[in-house]
Amino acid sequence: MSTKLVIGLDGHSSGDRALEFAKTLATQIGACELLVVYVIEWSPYSFQTAEENAQRHKRREEEISTANERVVAPAVASLSDSGLNASGRVRHGNVADTLNSIAKETGASQIIVGRSTESGLSKRIFGSSTANLVMEASVPVTVVN
């Protein structure tokens, strides 16, 4: 039976640090599956016309493709090149909720993320995605500085 780790990337250097930490941890564990996840912040709650919804759907598909190409695929390739078992996913949604859901769906034993790069007023009002994940997650969360 192998250990499953979810790695949440943000497309910034904090995600790179989380990836390196996960790579080291997976090497120490041995039989380990790594799931690289990039979440595009998105809310389904908006009022739009049918035409706007069609455009939004097309934009979502383009965002998923771009995120996979620029963030997830290179990360998975890096892990695979190191001899690790890795796969990737891109999803839309709330970062904390989505990472937690994926961890539960896949039976992951841990979520690894980089310390949040958010700052300013929105962080003070809504909290950071990382802080929300730590408070809500159903599995342990490792936050890498």
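Residues numbered from 1 in each chain as written. Predicted model: local features only at pLDDT ≥ 70, side-chain atom pairs only at ≥ 80, totals over all residues. Heavy atoms only, no water.

Some thoughts on the pattern of salt bridges
In this structure the tally under the stated criterion is four salt bridges. With its nearest N and O atoms 3.5 Å apart, the salt bridge here joins Glu20 to Lys23. Within this pair, Glu20 and its partner Lys23 are both found in helix 1 (residues 13–29), separated by three residues, close to a single helical turn. (Salt bridge = Lys/Arg side-chain N within 4 Å of Asp/Glu carboxyl O. Helix = DSSP H or I, 4+ residues; strand = E, 2+ residues; numbered from the N terminus.)

Some remarks on helix 2 (residues 50–81)
Relative to the 46 Å expected for 32 residues at 1.5 Å per residue, helix 2 spans 44 Å between its end C-alpha atoms, a close match to the ideal helical length. In this structure, the buried side of helix 2 is in contact with strand 1 (3–9), helix 1, strand 2 (32–41) and strand 3 (85–93). Within two residues after helix 2, Gly83 carries a phi angle of roughly 85°, on the positive side. (Expected span 1.5 Å × (residues − 1). Contact = heavy atoms within 4.5 Å.)

Quick notes on the sheet that holds strand 5 (residues 141–144)
Reading across from one edge, 3-2-1-4-5 is the order of the five strands in this open sheet, with parallel pairing throughout. Edge positions in the open sheet fall to strand 3 and strand 5, since each of these has one partner strand only. Neighbour-to-neighbour, the strand axes of the sheet open up by a mean angle of 25°, direction not taken into account. As judged from the nine bridges shared by strand 2 and strand 3, these two strands associate in the parallel manner. Along strand 3, the bridge assignment pairs Ile40 with His92. Against the sheet, helix 3 (residues 95–106) contacts strand 1, strand 2, strand 3 and strand 4 (110–114), and its axis sits at roughly 135° relative to strand 3. (Pairing = 2+ DSSP bridges. Axes fitted to C-alpha atoms, helices over the stretch in contact; angles between N-to-C directions.)

Regarding the environment of Arg89
Along the chain, Arg89 turns up in strand 3. Along the chain, Arg89 and Asn68 lie 21 residues apart, while their C-alpha atoms are 7.5 Å from each other. Sequence-distant contacts of Arg89, defined by excluding residues within four places in its chain, comprise Leu35, Val36, Val37, Tyr38, Val72, Ile102, Glu105 and Thr106. A polar side-chain atom of Arg89 sits 3.5 Å from a polar atom in the side chain of Glu105. (Polar contact = N/O pair within 3.5 Å; in protein donor to acceptor, adjacent residues only side chain to side chain.)

A short note on the packing of helix 3 against helix 5 (residues 129–136)
Running from amino to carboxyl end, helix 3 crosses helix 5 at an angle of 45°, the nearest separation of the two axes being 8 Å. On the basis of their axis angle, the class for helix 3 and helix 5 is oblique. Between helix 3 and helix 5 lies a crossing whose hand is right-handed. Where helix 3 approaches helix 5, its residues Val95, Ala96, Asp97, Leu99 and Asn100 are matched on the opposing element by Ser129, Asn132, Leu133 and Glu136. Counted by class, the contact of helix 3 with helix 5 contains four nonpolar, three polar and two charged residues. (Parallel < 35°, antiparallel > 145°, perpendicular 65-115°, else oblique. Left-handed = near helix turned anticlockwise from the far one by under 90°. Nonpolar A, V, L, I, M, F, W, Y, C, P; charged D, E, K, R; others polar.)

Notes on the nonpolar core
Counting residues in each nonpolar core, the largest one holds 24 residues, and the members touching the most others are Ile7, Leu34, Val36 and Leu79. Listing elements by their share of this core, those giving two or more residues are strand 1, helix 1, strand 2, helix 2 and strand 3. Sorting elements by how many residues they give to this core places helix 2 first, with six residues. Not counting residues within four places of it along the chain, the set of residues in contact with Leu79 comprises Ile7, Leu19, Lys23, Leu34, Val36, Leu84 and Ala86. Among the nonpolar cores identified, the runner-up in size contains 14 residues, and Leu35, Ala96, Ala108 and Val139 belong to it. (Core = buried A, V, L, I, M, F, W, Y, C linked by side-chain atoms within 4.5 Å. Buried < 20%, exposed > 50% of the residue type's maximum accessible area, 1.4 Å probe, protein only.)

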